[in-house]
Structure formats: C-alpha cells, structure tokens
Amino acid sequence: MISKTFAAIAAAAVICTISLAFAQMAPAKIAYTSKGKALVDGKGMTRYTFDKDAGGKSMCNGPCADNWPPLMASADAKATGDWTVVARDDGKMMWAYKGKRLYTWKKDSAPGDTTGDGFNNGVWHMATP
C-alpha cells in the first residue's frame, strides 16, 4: 500500500516537473479572458494573430508593428511543439503558434484586455490555444 502511494506521488511529481518545464519554454501561456481562453504574455497581455500574414511573411511592419508589437524571439530560440521561430523582413526573429505569428495590441491596457480582437474589419484575432 505504501509503495503504491509513493509511486503515485512520484508520478505526479514527474508530471508536474515536465509541465512546469514546458510552461517555462513556451513563449506565451494560456489565460482566461472575457472572450474565453487566450494566449498571453508573461504580464497577462493578450496575444493576437493577423489574417494578412501570408506566404511565410509578416505583413505587419513599420507603423503596424508599432501598434501591434510582434512576439520577438531571441537569436538562439528553438522551435518546440506547436511553437516555431520565423524571420521578419528586418531579419529579426519572432514566434508563431501553429503557424500564426503572434503580436500584442498597444491599446490593451490591462491583463486580459481583448480590445484588438476583430480590429480593422476583423483581420486581427485573439490567439487561442
């Protein structure tokens, strides 16, 4: 009986450790907003995708990127699972989730805000897991 209990505790510890390690590797986390689950940054700010990104390119550059800052990746960042690292026009790297590049919206002012969802005739969308 004691060995089964110990085995269960050990298994739970391993699962928690693996989950924690993955959470630390992922460039965004999951949080709940008024519109449901969303990918957010470390401060809880909602991440967004842009319908006009196409052909493996970010179409949000210059003033667009000032309003919609991309989720930048370090030069040594590595893809893992659904997360990929993609190049921008300026040669810098950014993160994508399930093939969609990720951004924040500068007008979201508090964690969980989703004011960018549906913006600009619906081309911006809250990123969901």
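Just so you know, these numbers come straight off a predicted model, no measurement behind them.

Asks: Teacher, can you tell me more about the state of the cysteines here?
Replies: Covalent bonding between the sulfur atoms of two cysteines defines a disulfide. Within the structure shown, the criterion is met by one disulfide. Linked covalently through their sulfurs, C60 and C64 form a disulfide whose S-S length is 2.1 Å. Residues C60 and C64 are joined through a disulfide that is left-handed, its torsion about the S-S bond being -105°.

Asks: Would you take a moment to explain the pattern of salt bridges for this structure?
Replies: Any two side chains of opposite charge can pair if their charged atoms end up close together. Within the structure shown, the criterion is met by three salt bridges. Residue D117 pairs with K35 through a salt bridge whose shortest N-O separation is 3.2 Å. A residue pair is termed long-range when its members are at least 10 positions apart, and D117 in the loop between β7 (100-101) and α3 (119-122) and K35 in the loop between β1 (29-33) and β2 (36-40) qualify at 82 residues. The exposure class of D117 is partly exposed, given its relative accessible area of 26%. According to the relative accessible area criterion, K35 is partly exposed, its value standing at 45%. Between D41 and R47 there is a salt bridge, with the nearest N and O atoms lying 4.0 Å from each other. The residues D41 and R47 share a single accessibility class, namely buried.

Asks: Teacher, can you tell me more about the environment of A54 here?
Replies: If you trace the backbone, A54 turns up in the loop between β3 (48-50) and α2 (63-67). Residues A54 and K100, 46 residues apart in the sequence, show an inter-C-alpha distance of 9.3 Å.

Asks: Would you mind going over the side chain of R47 with me for this structure?
Replies: Tracing the backbone through its elements, the reader meets R47 in the loop between β2 and β3. Among all residues touching R47, those that are not within four sequence positions of it are L39, V40, D41, P69, L71, L102, Y103, T104, H125, M126 and A127.

Asks: What's the story with the nonpolar core in this structure? I'm lost.
Replies: Nonpolar side chains tend toward joint burial in soluble globular proteins. Ranked by internal contacts, the top residues of the largest apolar core, which has 14 residues, are Y48, F50, C60, W68, Y103 and W124. Contributions of two or more residues to this core are made by β3, β6 (93-97) and β8 (124-126). Judged by nonpolar contacts, the second largest core, of eleven residues, contains L39, Y97, L102 and A127.

About the cut-offs
Residues numbered from 1 in each chain as written. Predicted model: local features only at pLDDT ≥ 70, side-chain atom pairs only at ≥ 80, totals over all residues. Heavy atoms only, no water. Disulfide = S-S within 2.5 Å. Salt bridge = Lys/Arg side-chain N within 4 Å of Asp/Glu carboxyl O. Helix = DSSP H or I, 4+ residues; strand = E, 2+ residues; numbered from the N terminus. Buried < 20%, exposed > 50% of the residue type's maximum accessible area, 1.4 Å probe, protein only. Contact = heavy atoms within 4.5 Å. Core = buried A, V, L, I, M, F, W, Y, C linked by side-chain atoms within 4.5 Å.

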